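A closer look at the structure
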There are 2 protein chains.
Amino acid sequence: VTHMFAPGNNELTVQEGEILTLTNQSIGSGWVEARNSRGNVGLVPEDYIEVKTILIISFVFVISLLYLEHIMGEVGPVWLYPQIQLDCVVADPKKGSKMYGLKSYIEYQITPNTTNRPVNHRYKHFDWLYERLVEKFACALPIPCLPDKQVTGRFEEEFIKMRMERLQGWMSRMCRHPVISNSDVFQLFLNYRDEKEWKLGKRKAEKDEIVGVKIFSNIDPELPELDPAQVEQKYEMYSQFTRSMDNSVKELLAVGHLHWKRCTGPLQKEYRQIGKAFQNLSSVFNTSAYPREYTLKEALTATGKTYEEIAEIVAGQPKKDLHFLMETNHEYKGLLGCFPDTIAVHKAAIDKVKEADHLVVMNKISQQDKLIMEKNLSTMSYALQAEMNHFHSNRIYDYNRLVQFYLEEQVKFYETIAEKLKKALGQYTTM
Amino acid sequence: VTHMFAPGNNELTVQEGEILTLTNQSIGSGWVEARNSRGNVGLVPEDYIEVKTILIISFVFVISLLYLEHIMGEVGPVWLYPQIQLDCVVADPKKGSKMYGLKSYIEYQITPNTTNRPVNHRYKHFDWLYERLVEKFACALPIPCLPDKQVTGRFEEEFIKMRMERLQGWMSRMCRHPVISNSDVFQLFLNYRDEKEWKLGKRKAEKDEIVGVKIFSNIDPELPELDPAQVEQKYEMYSQFTRSMDNSVKELLAVGHLHWKRCTGPLQKEYRQIGKAFQNLSSVFNTSAYPREYTLKEALTATGKTYEEIAEIVAGQPKKDLHFLMETNHEYKGLLGCFPDTIAVHKAAIDKVKEADHLVVMNKISQQDKLIMEKNLSTMSYALQAEMNHFHSNRIYDYNRLVQFYLEEQVKFYETIAEKLKKALGQYTTM
């Protein structure tokens, strides 16, 4: 829907869903002044817009924007998401070697959807990227761990496949993050054109000085300051939430692991035994030399074979459904494990602000220092809130998809077994 | 279909399926002489009849009959089955007491379908009946054991219900047996009119002298004698069959027991844990203070509850399907356990006949004795063959019904779970 608010009269033409930058909030009479994406400035009625704090992806400054949308509920500050979602495909693991074959390694091909041009990386490059992201962002953003390092058996096909799948999961999550995916180091990783560009970029990234708490240092003068007490309360909530979700995820992983082991172990064995028992009975019946035995004998054999098939279906099922549930929860476990440290950085900033009055009295810091500290806290708080909102929205999406997929596969599983048993049942005579 | 074979010409009118008694097998030219159930004697074309040895239920003599049936294959000697199958209902267990309440017991009501008049019996009366049947028939017929005696907890409702069910199974099997069900002692047990008749009948049964091998002593002069070597071969087959079926039944019982324990133990627990894990995740998500959480939260709760329901379905399933399979196999285990002793009696008779020539030479027995022994062996062999055919036909019926029922319940089980999961799945949003 296009709304034209009498453009001749200094009013702006806007589309539903369009993002506007607030240029003057104090026009009054129900109007605000804003700039649209084409650079035009004009008036927009307050009723038609939703004010949202969107954190610009450069991350070093925060800006207040208007968001024209009727339905969306208010979630507080959010990152500014790019129009096109970055993603990449990790594929085609190849064995490479160095030093005349003395050292060999696995190289993965990563193709971003933006350039569609593949780049190659070894696990150790992913690890280097991870280190850079932690160094730069871990104060503000939880950076989930890479899939585990493994030394022995790392060339085994099964392991390579699993690692690739996990690297894909990690990369997709990083791509989905508007701050991380837009950072120089991440862009370098995905888009370098040659070895020279890669090496230069690497050196530059390693020398990056805007890392850690420094990323909060450029302060947006436009944003309203937040009350430290309220901020503290919010952090307490985030802390509690991520802790209890961490426990819940661990519980799911534990029971999933148990169930996996049961399906591929005792249950498979048991269904095989049931299958064997029916087939043995059939063999015995076959030796009776009694006529009219044929139908029952055949039906019992079919029943036995069906249970043997069920044994394999049961044992194969976790790979089909539980696997995805476990992998995603595993990923979330890693992600949730990062929150305490990230939140601790923010809590330390609150403590510092709390101390500030006392420090001013003691002449340890100036009044100006104190104001900067308070402003800093607000910036950090906006960032953490945006990050939590990012986390929540991803979490809802991921878990919805995850459990939905799990249930779909479970339904298929039970239906397949029911079908197979029905077929076996059809072999019996109704007497 | 009624066949009239020119009745004016000494030919008999017979119905399809009618049982005829062979009066003269040596008419020649494709004809035999037979008597129908109305006592008329006449000629019947050999092509239209199936010669079958049917063992008359009085059991002390064996008679050759003609059986007019086109489809039925040849199974050798069979018992003569009554037109109406005897059956009974064991129900309504009541606590009774004796000696001014010092001794209490459970009395069951048994109602035969013939009189529809209930009689009461305690477990010890069943036991008395069992002892009589063993004494009289165990040489020729395997008499399956009664359900176990149990001293402690025998008034517990669960135990009484189980015992009643097993007594019902035992009684039904006895009723189905044409020789046992027609015996005086069994008829007394089902039909006595008062305490006096019961006590008199009991005394008479306990004094019965035609027991053990004596039941074979009245010899039918009409039946062709059987070759001891062929008889021995048959016994060897019976022996092998019952032994291997015994093993197979024990295997089914063992795996059934294992599966039962798994369903009511670890599997139930595990599905409950899965249910709890989903519900806990839902509770955690509920504390996020993030909007648009509601649908997922509700869906996760529904998923958790569904798995909790599945836990109870899984734990309750063995009672629904495995129970019947186990009970019947348990019964067969008891029955099969009787065969070695029964067959041993028959094998001893073969050994005796094998020795006979030697004994005649040694003047230990007369030539007449030897002929009687051989005739005796034939009679016994007809009886055992009839019994094996009875066993086979019941076995085929029982196992067909048994596994059919088990599979039907298993199909329902898997379909129910699939349905429940589908319902839970319906709560998720497709994003």
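Since we're looking at a predicted model, the values are computed, not measured.

**Brief notes about the confidence of the model for chain A**
Regions with low pLDDT carry predicted coordinates that are not meant to be interpreted in detail. All names here are of chain A. Averaged over all residues, the pLDDT of chain A equals 86, while 89% of them reach at least 70. By mean pLDDT, strand 7 (residues 63–67) is the weakest element of chain A at 48, and helix 7 (residues 294–320) is the strongest at 97. The low-confidence segment residues 66–73 (pLDDT under 50) makes 34 contacts with residues lying over four places distant or belonging to another chain. Both scores are available for the predicted complex, with the pTM at 0.85 and the ipTM at 0.86.

**Structural notes on the interface of chain B and chain A**
With 67 residues of chain B in contact, the opposing surface of chain A contributes 67 residues. Inspection of the region where chain B meets chain A yields six salt bridges. Measuring nitrogen to oxygen at the nearest pair gives 2.7 Å for the salt bridge that ties Arg262 of chain A to Glu270 of chain B. Connecting chain B to chain A are 20 residue pairs in polar contact (both at pLDDT 80 or more). Residue contributions to the side of chain B that touches chain A peak at 24 residues, all from helix 6 (residues 228–286) of chain B. Partitioned by chemical class, the residues of the side of chain B that touches chain A number 39 nonpolar, 17 polar and eleven charged.

**Observations concerning unusual backbone geometry**
Positive phi, normally seen in glycine, also occurs at Arg292 of chain A, with a value near 60°. Topologically, Arg292 of chain A is positioned in the loop between helix 6 (228–286) and helix 7.

**Focus: the pairing of strand 10 (residues 103–112) of chain B**
Residue and element names in this part refer to chain B. Pairing analysis gives nine bridges linking strand 9 (residues 88–98) to strand 10, with the strands arranged antiparallel. From the neighbouring strand, Ser97 faces strand 10, where its bridge partner is Ser104. Joining the antiparallel neighbours strand 9 and strand 10 is a turn of four residues, in which Met99 adopts a positive phi near 50°. In the sheet, strand 10 pairs with strand 11 (residues 119–122) via four bridges, with the strands oriented antiparallel. Bridge pairing in strand 11 links Tyr108 to His121. Two successive antiparallel strands, strand 10 and strand 11, enclose a turn made up of six residues, where Asn116 displays a positive phi of approximately 60°.

**Some points on the sheet that holds strand 9 (residues 88–98) of chain A**
Residues and elements named next belong to chain A. On the basis of which strands lie adjacent, the open sheet formed by three strands has the order 9-10-11 and antiparallel pairing. Strands with a single pairing partner mark the edges of an open sheet, and in this sheet they are strand 9 and strand 11 (119–122). Averaged over neighbouring strand pairs, the angle between their axes works out to 30° when direction is ignored.

**Some points on empty space enclosed by the protein**
Tallied over the entire structure, the rule returns nine cavities of 30 Å³ or more. Those elements that provide at least two residues to the lining of the largest cavity are helix 6, helix 7 and helix 9 (367–425) of chain A together with helix 6, helix 7 (294–320) and helix 9 (367–425) of chain B. Classifying every residue of the lining of the largest cavity by side-chain character gives 20 nonpolar, six polar and two charged. In this structure, the second largest cavity spans a volume of roughly 120 Å³. Lining the second largest cavity are Pro142, Pro144, Arg173, Met174, Arg176, His177, Ile180, Leu335, Glu387, His390, Phe391 and Asn394 of chain A. Top element by residues in the lining of the second largest cavity is helix 9 of chain A. It accounts for four residues. Both of domain 2 (88–223) and domain 3 (245–426) of chain A provide at least three residues apiece to the lining of the second largest cavity.

About the cut-offs
- Residues numbered from 1 in each chain as written.
- Chains lettered and ligands numbered in written order.
- Predicted model: local features only at pLDDT ≥ 70, side-chain atom pairs only at ≥ 80, totals over all residues.
- Heavy atoms only, no water.
- pLDDT = per-residue confidence, 0-100.
- Helix = DSSP H or I, 4+ residues; strand = E, 2+ residues; numbered from the N terminus.
- Contact = heavy atoms within 4.5 Å.
- Salt bridge = Lys/Arg side-chain N within 4 Å of Asp/Glu carboxyl O.
- Polar contact = N/O pair within 3.5 Å; in protein donor to acceptor, adjacent residues only side chain to side chain.
- Nonpolar A, V, L, I, M, F, W, Y, C, P; charged D, E, K, R; others polar.
- Pairing = 2+ DSSP bridges.
- Axes fitted to C-alpha atoms, helices over the stretch in contact; angles between N-to-C directions.
- 1 Å grid on protein atoms, 1.4 Å probe; cavity = no way out; pocket = protein on both sides within 12 Å on 5 of 7 lines; lining within 4 Å.
- Points joined across faces, edges and corners; volume = space filled by probe spheres on them.
- Domains from an automatic or database assignment.

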